[in-house]
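Chain and residue survey
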Amino acid sequence: MVFVDPYFLAGLVSLVLISDQVTNQKAFLLVLLLFSNLFLCLVLPLEKVALIYGFVLTGYLATVLTVKYGKKLVFPSLLILLAEYLLFHANISVGLVSGVQGVVSVLGFSYIFCRMVHLLVDHAGDTEHSVSISIWHYLTFNLSFLTFLSGPLQRYKPYCSALRERSIPAGRTRQKALGRMLVGYLKLLLIVPLFNRIYLSLIESAQLLSSHQNPFLSGYGAGWILFAAAMMLLLYVYLNFSAYMDLVVGLGRLIGFQIPENFNRPLLAGSLLEWWGRWHITMSEWYRDYIYNTVLMLLCRRSAPKNNVHLTLYAVLGLLATFVVVGLWHAVTLDWVILGLGVGSGISVNRVWYAYLNARLGAKQYSRLRQAKWYRMASTGLTYFFITGLGLGYLVISDQLSITWQPAIHEVFIVLVFGYVGLSLLSEIYRGGLARLDTIGDRPGLGLRLMNSSGVLALWSACTMCLLMLVYLGGMYDIPEFVYAQF
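Residues numbered from 1 in each chain as written. Predicted model: local features only at pLDDT ≥ 70, side-chain atom pairs only at ≥ 80, totals over all residues. Heavy atoms only, no water.

The number of helices and strands found in the chain is 19 helices and zero strands. Partitioning the contacts of the chain with sequence separation of at least 6, the portion at a separation of at least 24 is 77%. Taken as a whole, the chain presents about 23,800 Å² of accessible surface, with 66% of it coming from carbon and sulfur. (Helix = DSSP H or I, 4+ residues; strand = E, 2+ residues; numbered from the N terminus. Contact = heavy atoms within 4.5 Å. Areas by Shrake-Rupley, 256 points an atom, 1.4 Å probe, with all protein chains shown as cover.)

What follows is the structure, encoded as structure tokens:
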């Protein structure tokens, strides 16, 4: 786990100290690029660093040409980048390319590709140079260690604005940044490993109970344990990914650089459509802009929708196509294509249901219905159940979970009903009180208030002690890697 590596932590302290002395934008850009290169060398062999640089420089050349010669070069440039991306992402060996396997398994290679596509498409034909794309900006935008492993997918114009508006953070801003990072490290070092162990234990118990001779244990027992394992898997993935975001957003604030948020309390989502808008926000927006909207535009050009039914049908086709691409983005395997189709089908049903109720009840009445507590509980429970069910389904089809559970219909019905009611109640409890935990890093607690009164010396002393503790804790047990870094 690189975020508790002593070399990374030493570099982190050095970066903060140097950034405090740098006010010039170009100088900060070079400092960030330097530390990003050191980060790459820390986590990858030099030949793989060279491989990534070759891919990024290909994208820069393609972007420069499309800016100069217009949109006619966008399609062939995209084909070249896509061919390189699929070569690396699918781990295809072509003789001259060595060390490809591992680039994707260690780093978020897909995020680089998405950023390059964004620059290539959005800035094609921009001969007036509304936004400057220098080689230094391009390299730092794609390779910044703050967003390299698992995003977020910051757009280029907000990225340039963040560079222009950067300032050395004041005391209160530092406190918020440190609080955010502290929450991330608590998740990473304590909560995520605990949830991972609980999840693995539950899966093992379910597999053992599913073949038990006692029908009650093999039926209800295994069913309930699987249900608990599915919920634990969901929480593990969320906390794992949100811990990473807490760390990089907090670190960005600590050096005066704003990084976009990637979550908006997804556990409060009342529907699959809402979930998709709250989970991995920057990636969801990328797919909406470059895949979903493109498919919808092509369908409308081919045959203009005559009514809302046709438009809903186009939306469903766009969603299914988008989530097939989402599956392939995670891995070029049949398992992920099936999972993508499953998510796309669920969101499509949600989209059709939304269109039906909106047409049947009217916008105002439908809005009142969505605010009703019983409806919110029901839709939230179904959302949880669908997502956790898909997670277990993926574990089964990918041979990560093997059970011999063959329950009777009434056992399935009882587990579903009670589990569904339990999830609905938990969502309301979370909505009422625990949601505030999501923003604890933005509210100074007692420790931070004390540091504020004691000045800069106490602040840096506390940071030093925290870093030393992290180095110590990092060697005590295995810390799970970031889930999304493998994509």
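Among the nine residues in helix H7 (residues 135-143), seven count as buried, and that is most of the element. All buried positions along H7 are accounted for by His-137, Tyr-138, Leu-139, Thr-140, Phe-141, Asn-142 and Leu-143. (Buried < 20%, exposed > 50% of the residue type's maximum accessible area, 1.4 Å probe, protein only.)

Moving on, we get to the pattern of salt bridges. With the rule as written, the count across this model stands at eight salt bridges. Between Asp-289 and Arg-288 there is a salt bridge; the shortest N-O distance is 2.9 Å. For Arg-288, a relative accessible area of 42% puts it in the partly exposed group. Beyond isolated ion pairs, a larger network of salt bridges with shared partners links Arg-180, Lys-187, Asp-246, Arg-253 and Glu-261. (Salt bridge = Lys/Arg side-chain N within 4 Å of Asp/Glu carboxyl O.)

Positive phi, normally seen in glycine, also occurs at Arg-265, with a value near 50 degrees. For Arg-265, a relative accessible area of 27% puts it in the partly exposed group. The backbone of His-280 sits at a positive phi, close to 50 degrees, despite the residue not being glycine. Inspection of the secondary structure assignment puts His-280 in the loop between helix H11 (272-278) and helix H12 (281-302). Judged by its relative accessible area of 4%, His-280 falls in the buried class.

Attention shifts here to the packing of helix H2 (residues 25-43) against helix H3 (residues 46-69). Axis separation between H2 and H3 bottoms out at 9 Å; the angle between their running directions is 130 degrees. As the angle between them shows, H2 and H3 are arranged oblique. For the pair formed by H2 and H3, the contact residues are Leu-33, Asn-37, Leu-40 and Cys-41 on the first element and Leu-46, Val-49 and Tyr-53 on the second. Taken together, the residues of the contact of H2 with H3 break down into six nonpolar, one polar and no charged. (Axes fitted to C-alpha atoms, helices over the stretch in contact; angles between N-to-C directions. Parallel < 35°, antiparallel > 145°, perpendicular 65-115°, else oblique. Nonpolar A, V, L, I, M, F, W, Y, C, P; charged D, E, K, R; others polar.)

This paragraph deals with the packing of H2 against helix H8 (residues 156-164). Helix-helix packing is described using two parameters, namely the angle between the two axes and the distance between the axes. Contact geometry for H2 and H8: axes closest at 9 Å, N-to-C directions at 115 degrees. Judged by residue contacts, Gln-25, Phe-28 and Leu-29 of H2 engage Tyr-159, Leu-163 and Arg-164 from H8. For the contact of H2 with H8, a count of residues per class yields four nonpolar, one polar and one charged.

Together, Leu-82, Leu-86, Leu-328 and Val-332 make up a nonpolar patch on the protein surface, roughly 280 Å² of accessible area in all. Position of Leu-86 relative to the elements: it lies in helix H4 (residues 74-89). Judged by relative accessible area, Leu-86 falls into the partly exposed class, the value being 36%. (Patch = residues over 30% accessible without salt bridge, like charges linked within 9 Å, V, L, I, M, F, W, Y side chains within 5 Å.)

Here we come to the environment of Phe-109. Here Phe-109 is to be found in helix H6 (residues 109-122). Classification of Phe-109 as buried rests on a relative accessible area of 2%. Distance from Phe-109 to Phe-148, taken between C-alpha atoms, is 8.3 Å for residues 39 residues apart in sequence.

Bringing the confidence of the model for the chain into the picture now. In the predicted model, the chain carries a mean pLDDT of 77, and 73% of its residues have values of at least 70. Taken together, the stretch residues 434-455 has pLDDT below 50 and engages in 25 contacts with residues farther than four places along the chain or on a different chain. (pLDDT = per-residue confidence, 0-100.)

On the secondary structure map, Arg-278 appears in helix H11. Since its relative accessible area comes to 17%, Arg-278 is described here as buried. In contact with Arg-278, not counting residues within four places along its chain, are Asn-262, Phe-263, Asn-264, Arg-265, Pro-266, Leu-268 and Ala-269.

The next point concerns the nonpolar core. Nonpolar side chains tend to gather and get buried jointly when the protein is soluble and globular. Judged by nonpolar contacts, the single largest core of 119 residues is most densely connected at Phe-3, Phe-55, Ile-112, Leu-143, Phe-145, Tyr-185 and Phe-257. Counting residues per element, this core draws most heavily on helix H10 (residues 215-254), which supplies 22 residues. Apart from the residues lying within four places of it in its own chain, the contact partners of Leu-143 are Ser-36, Leu-40, Ile-52, Tyr-53, Val-56, Ile-112 and Phe-148. Counting five residues, the second largest nonpolar core, distinct from the first, contains Leu-357, Tyr-366, Leu-369 and Ala-372. (Core = buried A, V, L, I, M, F, W, Y, C linked by side-chain atoms within 4.5 Å.)

What follows concerns the packing of aromatic side chains. Per the stated rule, a full pass over the model turns up 22 aromatic pairs. Here the aromatic rings of Trp-286 and Tyr-287 are separated by 5.3 Å at their centres, their planes lie at 85 degrees, and the arrangement is edge-to-face. A residue is classified by how much of its surface remains accessible, and Trp-286, at 6% relative accessible area, is buried. We classify Tyr-287 as buried; its relative accessible area is 1%. What links up through ring pairs into an aromatic cluster is the set Phe-28, Phe-141, Tyr-156, Tyr-159 and Phe-257. (Phe/Tyr/Trp six-rings, centres within 6.5 Å; stacked < 30°, edge-to-face > 60°.)

The subject of this paragraph is helix H14 (residues 334-361). Relative to the 40 Å expected for 28 residues at 1.5 Å per residue, H14 spans 40 Å between its end C-alpha atoms, a close match to the ideal helical length. Burial in H14 covers these residues: Trp-336, Val-337, Leu-339, Gly-340, Gly-342, Gly-344, Gly-346, Ile-347, Ser-348, Asn-350, Arg-351 and Leu-357. Buried positions along H14 lie against H11, helix H13 (308-330), helix H15 (363-371) and helix H16 (373-397). Phi turns positive one or two residues past the end of H14, at Gly-362, with a value near 90 degrees. (Expected span 1.5 Å × (residues − 1).)

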